[in-house]
Amino acid sequence: MGFDRWLRAYENAVSFHFSNYFVGHLSEGTSMLAGAGFTEEKDKVHWDMSVVKPLSVEMPRSMVLVVVSWNIPMSQWLKSYVFKTSMKLGTFPAILVTYTASALLHFDTEEEEEAEGQLLTGASALLCRWLRAYENAVSFHFSNYFVGHLSEGTSMLAGAGFTEEKDKVHWDMSVVKPLSVEMPRSMVLVVVSWNIPMSQWLKSYVFKTSMKLGTFPAILVTYTASALLHGLSFHLGAVLLTLGFITYVEHVLRKRMAFILNACILSRPCASDCSHRHKKNVWVLLLNLVFSLMVVFHLAYLGSMFDPGSDEQEVEEGYAAIHTIQRWSELNWAGHWVIFASWIFYRLIQ
């Protein structure tokens, strides 16, 4: 029981870390787009702005380097204007003063939060809601990666998860593929890469068995079975069934467009000897990029309800239906409208 609590604590910590990395890298990107964050040397421009260093936090040499790498501009400012000024009091008092100043800078009163909320209106508020949705989704993703890689490690320690070929042992067990989720080609590959053993089991024993009903009914049956295996709750059922609609519409739409355009834009990458005429044209790559961005959009929409700040008991028991409806309402049901528009477009070109 104590070990489980420590695993949950570590999972929460890693989830919080990646929320900070997301904000840090977002600030780096926006600064560069604004024309800041570079140094010029001998007529050469170096885009070297750094806000956070994840590797120095996740694989730390010391807590000092963790603090410095967590928020580099903030740590530099505190060192220059607080720590050095307070050193006349002594090292330990200076450290206390510095961290007290940091705590005050991170503190928001209810009045300040309300004022910030009133300032965020219209497009700014909508953008902030989508950024928060994406942040929640990425935080939830990394919780899944943690569990997946932990299961890989424990399986290997138990002597499982390998294949033997010509007296050579290959430790090739794979439970999750993070890159295929964070930089997706299609939602189909995201679903497969999210939990590889589970997707293989569902494909073999549910999807193929249900194919006699037709492709779309088989997909609904498969995602319903997945919802039941995850523990029946409204928010998981809503997410998984919506995911079923997304994967089906995306699959049939890309298959139809690939036929019309004679291009490699299927949900899965084509083989090198495929019959498509257009393989690596610029417009083909751009079209695949558009579909990839649409998948990221859907992942943010679906992951918006998995709030890492929610009560732990509420998370374990399952979010209430009102929570799911409220989160999707805040995003104007955009994901469902995009699915519907994609299906209409598919029917028009069918």
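Shown above is the structure to which this text applies.
Residues numbered from 1 in each chain as written. Predicted model: local features only at pLDDT ≥ 70, side-chain atom pairs only at ≥ 80, totals over all residues. Heavy atoms only, no water.

> Hey, could you go over the packing of helix 10 (residues 196-210) against helix 11 (residues 215-229) for me, with residue numbers and the actual values?
Helices that pack against each other are described as a pair by the angle of their axes relative to one another and the distance between those axes. Closest axis-to-axis distance for the helix 10/helix 11 pair is 9 Å, and the angle between their directions is 135°. It follows that helix 10 is oblique to helix 11 by the angle criterion. Handedness of the helix 10/helix 11 crossing: right-handed. Residues Met198, Trp201, Leu202, Val206, Phe207 and Ser210 of helix 10 form the contact with helix 11, whose participating residues are Thr215, Ala218, Ile219, Val221, Thr222, Ala225, Ser226 and Leu229. Class assignment of the residues belonging to the contact of helix 10 with helix 11 gives a composition of 10 nonpolar, four polar and no charged. (Axes fitted to C-alpha atoms, helices over the stretch in contact; angles between N-to-C directions. Helix = DSSP H or I, 4+ residues; strand = E, 2+ residues; numbered from the N terminus. Parallel < 35°, antiparallel > 145°, perpendicular 65-115°, else oblique. Left-handed = near helix turned anticlockwise from the far one by under 90°. Contact = heavy atoms within 4.5 Å. Nonpolar A, V, L, I, M, F, W, Y, C, P; charged D, E, K, R; others polar.)

> Explain the pattern of salt bridges residue by residue, including any values.
The final tally for this structure, using the stated rule, is two salt bridges. We note a salt bridge from arginine 132 to glutamate 135, for which the minimum N-O separation is 3.6 Å. Taken together, the residues span about one helical turn, with arginine 132 and glutamate 135 both in helix 7 (residues 123-157) at a distance of three residues. A residue is classified by how much of its surface remains accessible, and glutamate 135, at 19% relative accessible area, is buried. Across the pair glutamate 250 and arginine 254 runs a salt bridge, and its minimum N-O distance is 3.7 Å. Of this pair, glutamate 250 and arginine 254 both sit in helix 12 (residues 234-261), four residues apart, which is roughly one turn of the helix. Neither residue differs from the other here; glutamate 250 and arginine 254 are each classed as buried. (Salt bridge = Lys/Arg side-chain N within 4 Å of Asp/Glu carboxyl O. Buried < 20%, exposed > 50% of the residue type's maximum accessible area, 1.4 Å probe, protein only.)

> How would you summarise the nonpolar core if you had to cite specific residues and measurements?
A general tendency of soluble globular proteins is for nonpolar side chains to be buried together. If you look at the biggest cluster of nonpolar residues, it comprises 38 residues, and the most contacted ones within it are Met187, Leu302 and Trp328. Residue assignment for this core shows that the elements contributing at least two residues are helix 7, helix 9 (187-194), helix 11, helix 12, helix 13 (282-303) and helix 16 (334-349). If one sorts the elements of this core by residue count, helix 12 sits on top with 12 residues. Contacts of leucine 302, omitting those with residues within four sequence positions, involve Val239, Thr242, Leu243, Ile246 and Trp328. (Core = buried A, V, L, I, M, F, W, Y, C linked by side-chain atoms within 4.5 Å.)

> Please provide a residue-by-residue account of the packing of aromatic side chains, values included.
According to the stated counting rule, one finds 20 aromatic pairs in the structure shown. Seen from their ring centres, phenylalanine 22 and tyrosine 134 are 5.2 Å apart, and the 55° between their planes marks the pair as tilted. Pair noted here: phenylalanine 22 is in helix 1 (residues 2-33) and tyrosine 134 is in helix 7, with a separation of 112 residues, a long-range link. What makes phenylalanine 22 buried here is its relative accessible area of 16%. (Phe/Tyr/Trp six-rings, centres within 6.5 Å; stacked < 30°, edge-to-face > 60°.)

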